[in-house]
Amino acid sequence: MTDPIERAPLSRHDEKEAPSARFEPAGFTHEAASTLSSILRNAEYECAKRIPQSGGNRWYSEPIRLATYAAGGVNCWKESPCQNLYSGMLERSKGLAPVMLFDLFFFHRSVARDRITQVIAEDELKILEEAGVLHITGDDVASKVRCYPVGELYFLCDPSRDKSDFVYIGWDSDLMVDIAAKYSKGRRFSRSLDLCTGSGVQGICLSRQAEEAICADINPRALAMVQANARLNKIRNVNTIHSDLFSSIPGRFDCITANTPYVPHPEGAQLPIGGGDIGIEFTIRLLLELPERLTDNGMAVIYTSDPIVHGKRRLISRVTSELGHLPFRIILIPLFTNNYPMTRPMQEHYDRLGLSGYDDCILVIERSNKYTVEQHQNDWLHYYRTRMDAWLDWRRRAN
Ligand SMILES: C[S@@+](CC[C@H](N)C(=O)[O-])C[C@H]1O[C@@H](n2cnc3c(N)ncnc32)[C@H](O)[C@@H]1O
């Protein structure tokens with residue numbers, strides 16, 4: 001769940017201050033939603049996910065970035081020392097519009113007004129400014145939201161993490177949408193529930209397979225963002241509930257998704273990401289209630305972590321101790337390995353618990369006739385590359 005964008009410079013063109021007032025999702029009107037959606041759609045905004053962030057010095061990763069670019073994949077959560085090369089290639093094949101809009105709405109850079117008006121008309125600028133999406137000062141236009149494309153949908157979230165109630169989207173959100181779609185392919189749901197919904201990215205994507213889709217979160221700002229995103233994508237079967245896990249949500253569901261807070265973190269962690277001391281405490285709380293919240297054919301897709309404590313992975317043993325007596329099929333999908341943390345307080349926290357790192361992973365849970373656990377691979381090349389990076393990092397620290 002690391003997001004290098006937080007460390008990236010604000011603007012390639014000129015490093016201006018970010019607009020001070022926050023985007024208020026409740027002020028995102030239907031008119032603003034349909035204006036923004038048509039600007040993004042006409043520009044084929046989604047193709048710009050192929051552009052990496054600027055930064056980093058891992059030249060050895062460039063062949064992978066280039067191959068991802070050529071395949072139309074997602075590079076924008078990764079850094080590259082030669083971002084301009086990718087922007088230039090995309091500009092030649094798709095024109096200026098997606099590159100400029102991605103600068104504005106994803107990389108959070110201000111763009112000169114006379115340039116942006118080549119892709120956003122003056123009356124559209126005014127609508128977006130009035131809805132609090134854009135901040136226009138003199139000749140500069142900046143965005144107060146980040147916009148991330150997923151399939152043919154768009155999702156607004158906060159561009160910075162400076163407030164504790166920020167609404168999150170990361171690479172994990174995108175990966176989870178793909179995996180949930182793969183494991184729920186061909187299924188229709190009467191009721192679906194996206195817990196820990198954040199921007200609503202999982203819940204809104206799945207709402208297309210559901211009659212009623214509920215998105216729930218403990219953060220009221222997240223719920224307002226879900227409603228803004230439902231307007232942006234003209235989705236009408238989504239309802240939001242303010243809830244601490246299942247506490248305020250009635251009934252059972254055919255599909256439950258949750259991209260949980262799963263980062264190992266001592267008490268008092270930032271609201272959206274801290275999952276407890278070793279990272280899985282929140283997930284275990286969720287699993288305890290899951291059996292009575294799933295319908296007889298129900299399934300769950302849960303993004304969590306697999307902590308390595310005293311050299312042993314802990315997730316499956318904890319899941320089995322909670323659910324092992326029930327007839328469930330558990331599928332573990334490891335995604336990537338995270339390095340030992342960089343900051344001194346987190347190093348002390350890890351050392352105190354004997355924690356040496358964790359995998360990001362997804363659990364798919366279905367009813368079955370007996371309890372089984374299996375492991376599926378998502379992108380083994382990426383998984384083993386990140387394991388090697390973590391091992392090299394560990395060797396460097398040990399020397
Ligand atoms: C990692 S974010 C995931 C957001 C979104 N689903 C995604 O994939 O981008 C975790 C979310 O869990 C929410 N959350 C944290 N504690 C919660 C709780 N006790 N009950 C419900 N939601 C909670 C946070 O507010 C945050 O929106």
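Residues numbered from 1 in each chain as written. Predicted model: local features only at pLDDT ≥ 70, side-chain atom pairs only at ≥ 80, totals over all residues. Heavy atoms only, no water.

**A few points about the pairing of strand β5 (residues 140–143)**
- Neither face of β5 is left uncovered, since the one carrying D140 and A142 and the one carrying V141 and S143 both have all their residues buried.
- Of the pairings in the sheet, the one linking strand β3 (residues 111–112) to β5 comprises two bridges and is antiparallel in character. Bridge pairing in β5 places V111 opposite V141.
- Joining the antiparallel neighbours strand β4 (residues 134–137) and β5 is a turn of two residues, in which G138 adopts a positive phi near 55 degrees. (Buried < 20%, exposed > 50% of the residue type's maximum accessible area, 1.4 Å probe, protein only. Helix = DSSP H or I, 4+ residues; strand = E, 2+ residues; numbered from the N terminus. Pairing = 2+ DSSP bridges.)

**Considering a nonpolar patch on the surface**
- Taken together, M388, W391, L392 and W394 make up a surface patch of nonpolar side chains, about 440 Å² in accessible area.
- Summarising the element assignment, M388 is placed in helix α13 (residues 380–398). (Patch = residues over 30% accessible without salt bridge, like charges linked within 9 Å, V, L, I, M, F, W, Y side chains within 5 Å. Areas by Shrake-Rupley, 256 points an atom, 1.4 Å probe, with all protein chains shown as cover. Salt bridge = Lys/Arg side-chain N within 4 Å of Asp/Glu carboxyl O.)

**Comments concerning the packing of aromatic side chains**
- Overall, the coordinates contain 14 aromatic pairs when judged by the stated rule.
- Both rings, one in Y45 and one in Y154, keep their centres 6.3 Å apart while their planes meet at 70 degrees; by these two values the pair is edge-to-face. Of the two residues, Y45 is situated in the loop between α1 (30–42) and β1 (53–54) and Y154 in strand β7 (residues 153–157); the sequence distance between them amounts to 109 residues.
- A relative accessible area of 0% means that Y154 is categorised as buried. (Phe/Tyr/Trp six-rings, centres within 6.5 Å; stacked < 30°, edge-to-face > 60°.)

**A short note on the site of the ligand**
- Among the 20 residues in the neighbourhood of the ligand, the closest are listed as S173, C196, Q202, D217 and D244.
- Contact distances for the ligand include 2.8 Å between a nitrogen atom and a backbone N or O atom of L245.
- Note that an oxygen atom of the ligand is positioned 2.8 Å from one of the side-chain N or O atoms of N259.
- Protein contact buries 97% of the 600 Å² of open area that the ligand shows by itself.
- Residue classes in the shell around the ligand are distributed as ten nonpolar, eight polar and two charged. (Near = heavy atom within 4 Å. Polar contact = N/O pair within 3.5 Å; in protein donor to acceptor, adjacent residues only side chain to side chain. Nonpolar A, V, L, I, M, F, W, Y, C, P; charged D, E, K, R; others polar.)

**Details of the sheet that holds β3**
- What the three strands build is an open sheet, ordered β3-β5-β4; its pairing is antiparallel. Across the chains shown, the open sheet's two edge strands, defined by having one partner strand only, are β3 and β4.
- Here helix α4 (residues 96–105) sits on the sheet and contacts β3, β4 and β5; the angle it forms with β5, its principal contact strand, is near 65 degrees.
- Lying over the sheet, helix α6 (residues 122–130) contacts β4 and β5, oriented at roughly 115 degrees with respect to β4. (Contact = heavy atoms within 4.5 Å. Axes fitted to C-alpha atoms, helices over the stretch in contact; angles between N-to-C directions.)

**A closer look at the pairing of strand β16 (residues 328–338)**
- Within β16, ten of the eleven residues are buried, leaving the element largely enclosed by the surrounding structure.
- Of the pairings in the sheet, the one linking β16 to strand β17 (residues 355–367) comprises ten bridges and is antiparallel in character. Looking across to β17, one finds that T337 is bridged to D359.
- Examined bridge by bridge, β16 and strand β18 (residues 372–375) share four bridges and lie parallel to one another. Across the sheet, I331 pairs through a bridge with E374, a residue of β18.

**Describing the domain arrangement of the protein chain**
- Along its sequence, the protein chain is organised into domain 1 (24–144) and domain 2 (153–398).
- Between the C-alpha centres of domain 1 and domain 2 there is a distance of 27 Å.
- Each partner contributes to the interface: domain 1 provides 24 residues, whereas domain 2 provides 17 residues.
- Taking both sides of the interface into account, the surface hidden between domain 1 and domain 2 amounts to around 1,800 Å²; carbon and sulfur atoms contribute 59%.
- Remark: the boundary between domain 1 and domain 2 carries two salt bridges.
- Residues E24 and R221 are paired through a salt bridge, measuring 3.7 Å at the closest nitrogen-oxygen approach.
- Looking at the side of domain 1 that touches domain 2 element by element, the count peaks at seven residues for α1.
- The class makeup of the residues in the side of domain 1 that touches domain 2 is eleven nonpolar, six polar and seven charged. (Domains from an automatic or database assignment. Buried area = accessible area lost by both parts, 1.4 Å probe.)

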